[in-house]
Amino acid sequence: MIKVEGLSKHYGQRIAINDLTFHADKGEIVGFLGPNGAGKTTTMRILTGYMPATTGSVNIAGFDIFKESLEARRHIGYLPENVPLYEDMKVWQYLDYLGDLRSVPNRGERVEAVMGLVGMTDRAESFISSLSKGMRQRVGLAQAILHQPKVLILDEPTVGLDPIQKRDVLELIRELGKDCTVLFSTHILSEAQAICNRLLIINNGQIVAEDSPEKLQRRMTGGERVKVSVAGDADGLMQLFKGLSWLDGIRSVSGNSFELDLPGGGKDMRPAIARLVVENGYELLELRSMDLNLEQIYLQLIRSDAEAGAH
Amino acid sequence: MRNMWIIARREYGHYFISPIAYAVAFLLFLIVGIIFGLIKTQAPNAPADLQGELGSAMTIFLFMTPALTMRLLADEQRSGTMELLLTGPIRAWEIVVGKWLGAWLFTWTLLLFLAFVYGSVLTAYGNPDYGVLTTSFIGLGMVLGALLALGIIGSAVTSNLVGAMIIGLTINLFLWMFGFAMEAVAGWFSTIDWVQKFSQYMNFTSHLENFQSGVFASIDFAFYVSIIAVSLYLTTRLVESRRWR
């Protein structure tokens, strides 16, 4: 449904996104994660045909967004980051107007249905200027799904919502994801984990990781990565760790500290590590679970990205 | 094409809830009313026409059309809804022409109101030439179409409303003055035929005067239509260029 190949966007000297390649299939919900300024919005704007790319191709529902822009745009529902609304319209008028522009069949019924989906039926007669942030977000979402698009692109749809609204919106996205392809951006990992089949992590305009939430979590979140520091020379210990086939990854942080990736599965392997260190005559200074937050995951991914680039 | 009408309808409707549009209408009706009263009472035997009244209406529009056009595109840009329109299945020209058309239809509403009121008064107290009255209003409508199309350029250049209005005003006044400048140029080169013709063609007000004297010539139409076409084309390119920046 969404196929992106070698997508780059340069603003003069600055490279906003660099050589992105990814895809999203029908019925998939793909989370697009990254810190602010990573290139999420730029990517989405290119995907929706709002901006051209410097190089690369984008295919939406079988149509090239650059060459068959109008056709491709018919299949996209898009909620931009700043939720564009006409303040002077009532909720139903706004949806009716956009539905008209998109030639939605049985417009009246569809507008009713969509307002029901986002829980705005009782505010249909309210002027948009009088709505709260959460309601505006929901009207924006209603607009995006109005024409039953095959591809739904949502730029930070949960920003500014309270926890209950957030849960409702995520539930709605999950529901919508059954019939269409959803790409949504966020910088909150837990949100993405809750509903996504796949996560794309982007930083500095590059994809630094792409995996299912479970795999990424196992790769990166707390409890399963431990930091080990020992006294003295640790080269021998590195060899010892390398000999452990059940470790998922070993990284030397400094001369005598290591980060070990332990496999998931519930069994706490820390005692085994401690025993190994002590039995081999090293003095254990620290053995600590690393509780990674998203920021650290980014940093870590970028670091490994840079290391990979250096080799 | 369909989208163009949908946008035009929305913009047309929007003027009826816009205080600026009411202010423009108020000023127009007030000034035309005063001038009508003055002319008809000062010269009771004047012909039953609206020459002077509609000439002054044109001057009012010269200053007021930028107020009607300033928000058309600038507001969409400012509120981000332009992103919504341009990522929908809508072409840039449909947005631009639809907006212009909405504004033009609104000003036609004002003109028809004037035509009805003063047409009735002239009929009641005199014996007007309906042909001349009709061409006068059509001429003014064409001038308005051109002024609105010029104003919308300003609205595409900036997302700032005041900026959009000032740019529109500058373009309008420049074009108006340009007509006078061309008259001067024509005076200097009075022997060269094509300069004469060119200066006559480029005069913004002389074409309206033809309409007002009951002349219905294709060249006068062509002048205003070409201004409309060039302005709307330019505006469309400006809107498209926003996304390529």
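Throughout this document, residue positions are counted from 1 along each chain, in the order its sequence is written. Labels are handed out in written order, letters beginning with A for the chains and numbers beginning with 1 for the ligands. Totals for whole chains, interfaces and linings use all residues, but because this is a predicted model, local features are given only for residues with pLDDT of at least 70 and pairs of side-chain atoms are given and counted only at 80 or more. Working from all heavy atoms in the structure, the side-chain values ignore hydrogens and water.

1. Topic: the nonpolar core
Item 1. Take the buried residues of types Ala, Val, Leu, Ile, Met, Phe, Trp, Tyr and Cys, join any two whose side-chain atoms come within 4.5 Å, and each joined set is a nonpolar core. In this scheme, a residue with accessible area under 20% of its type's maximum is buried, one over 50% is exposed, and one in between is partly exposed, where area comes from a 1.4 Å probe on protein chains only. Among the nonpolar cores identified, the biggest contains 142 residues, and Tyr94(A), Trp100(B) and Phe204(B) are the most heavily contacted of them.
Item 2. Two residues form a contact once any of their heavy atoms are found within 4.5 Å. Setting aside residues up to four positions removed in sequence, Trp100(B) forms contacts with Gly145(B), Leu148(B), Ala149(B), Ile152(B), Ile228(B) and Leu232(B).
Item 3. Among the nonpolar cores identified, the runner-up in size contains 17 residues, and Val226(A), Leu247(A), Leu276(A) and Val277(A) belong to it.

2. Things to note about the environment of Met64(B)
Residues and elements named next belong to chain B.
Item 1. Mapped onto the elements, Met64 comes out in helix α3 (residues 51–79).
Item 2. Met64 sits in the buried class, given a relative accessible area of 17%.
Item 3. Through-space distance from the C-alpha of Met64 to that of Leu30 is 14 Å; in sequence the pair is 34 residues apart.
Item 4. If sequence neighbours within four positions are ignored, Met64 has contacts with Val24 and Leu27. Secondary structure elements follow DSSP: runs of H or I of four or more residues count as helices, runs of E of two or more count as strands, with numbering from the N terminus.

3. Topic: the interface of chain B and chain A
Item 1. At the interface, 26 residues of chain B touch 26 residues of chain A.
Item 2. Across the interface of chain B and chain A, roughly 2500 Å² is buried in total on both sides, 56% from carbon and sulfur atoms.
Item 3. We count a salt bridge whenever a side-chain nitrogen from Lys or Arg sits within 4 Å of a carboxyl oxygen from Asp or Glu. Where chain B touches chain A, the interface holds 4 salt bridges.
Item 4. The salt bridge partner of Asp88(A) is Arg10(B), with a shortest N-O separation of 3.0 Å.
Item 5. Any N or O atom pair separated by 3.5 Å or less is treated as a polar contact, with the protein-specific requirement of one donor-capable and one acceptor-capable atom, and with residues adjacent in sequence counted only for side-chain atom pairs. Across the contact surface, chain B and chain A share 10 residue pairs in polar contact (both at pLDDT 80 or more).
Item 6. Sorting the residues of the side of chain B that touches chain A by element identifies α1 (2–15), α3, α4 (81–86) and α10 (218–244) of chain B as the ones contributing at least two each.
Item 7. The dominant element in the side of chain B that touches chain A, judged by the number of residues it contributes, is α1(B), at 7 residues.
Item 8. By the convention adopted, Pro, Cys, Tyr, Trp, Phe, Met, Ile, Leu, Val and Ala count as nonpolar, Lys, Arg, Asp and Glu as charged, and the other residues, Gly among them, as polar. Grouping the constituent residues of the side of chain B that touches chain A by class yields 10 nonpolar, 8 polar and 8 charged. Throughout, buried area stands for the accessible area (probe radius 1.4 Å) lost by two parts on being put together, summed over both.

4. Concerning the pattern of salt bridges
Item 1. The full count for this structure, using the stated rule, is 25 salt bridges over all chains.
Item 2. One salt bridge connects Arg198(A) with Glu28(A), and the closest N-O pair in it is separated by 2.8 Å. Taken together, the residues span a long stretch of sequence, with Arg198(A) in strand β9 (residues 198–203) and Glu28(A) in the loop between β2 (14–24) and β3 (29–33) at a distance of 170 residues. The two residues Arg198(A) and Glu28(A) agree in class, both being buried.
Item 3. Ionic pairing is found between Asp100(A) and Arg107(A), a salt bridge with its closest N-O pair at 3.2 Å.
Item 4. Overall, the relative accessible area of 24% leaves Arg107(A) in the partly exposed class.
Item 5. If you follow the salt bridges from partner to partner, you end up with Glu11(B), Arg71(B), Asp75(B), Glu76(B), Arg78(B) and Lys99(B) in one network.

5. Here we look at the pairing of β9(A)
Residue and element names in this part refer to chain A.
Item 1. With respect to burial, β9 is a largely interior element, 6 of its 6 residues being buried.
Item 2. Along β9, one buried face is formed by Arg198, Leu200 and Ile202 and the opposite face, lined by Leu199, Ile201 and Asn203, is buried too.
Item 3. Pairing of β3 with β9, which is carried by 4 bridges, proceeds in the parallel orientation. Following the sheet pairing, Val30 is matched in β9 by Arg198. In this analysis, strands are considered paired if DSSP registers two or more bridges between them.

6. What to know about helix α6 (residues 130–157) of chain B
Residue and element names in this part refer to chain B.
Item 1. Helix length check: α6 (28 residues) gives 41 Å between terminal C-alpha atoms against 40 Å at 1.5 Å per residue, within 8%.
Item 2. Most of α6 is tucked away, with 23 of its 28 residues classed as buried.
Item 3. A side-chain oxygen of the first residue of α6 lies 2.9 Å from the backbone nitrogen of Gly131; this N-cap is Asp129. Given the number of residues in a helix, its expected span is that number minus one, multiplied by 1.5 Å.

7. Points about the environment of Ala21(B)
Residues and elements named next belong to chain B.
Item 1. When you line up the elements, Ala21 lands in helix α2 (residues 19–42).
Item 2. For the pair formed by Ala21 and Arg78, sequence separation is 57 residues and the distance between their alpha carbons is 20 Å.
Item 3. With residues up to four places along the chain from it excluded, the contact list for Ala21 reads Tyr15, Leu68 and Phe106.

8. Brief notes about the sheet that holds strand β11 (residues 225–231) of chain A
Residues and elements named next belong to chain A.
Item 1. Spatially, the 4 strands line up as an open sheet ordered β12-β13-β11-β14, and their pairing is antiparallel. Unpaired on one side and paired on the other, β12 (249–254) and β14 (283–289) mark the two borders of the sheet. Direction aside, neighbouring strands of the sheet carry axes that sit 20° apart on average.
Item 2. Here an axis means a line fitted to C-alpha atoms, over the contact stretch when the element is a helix, while the angle between two N-to-C directions is reported on a 0 to 180 degree scale. Across the sheet, helix α10 (residues 270–279) touches β11, β13 (257–261) and β14, and the angle it forms with β14 is around 165°.

Spatial relationships are all this shows, so hold off on functional conclusions.
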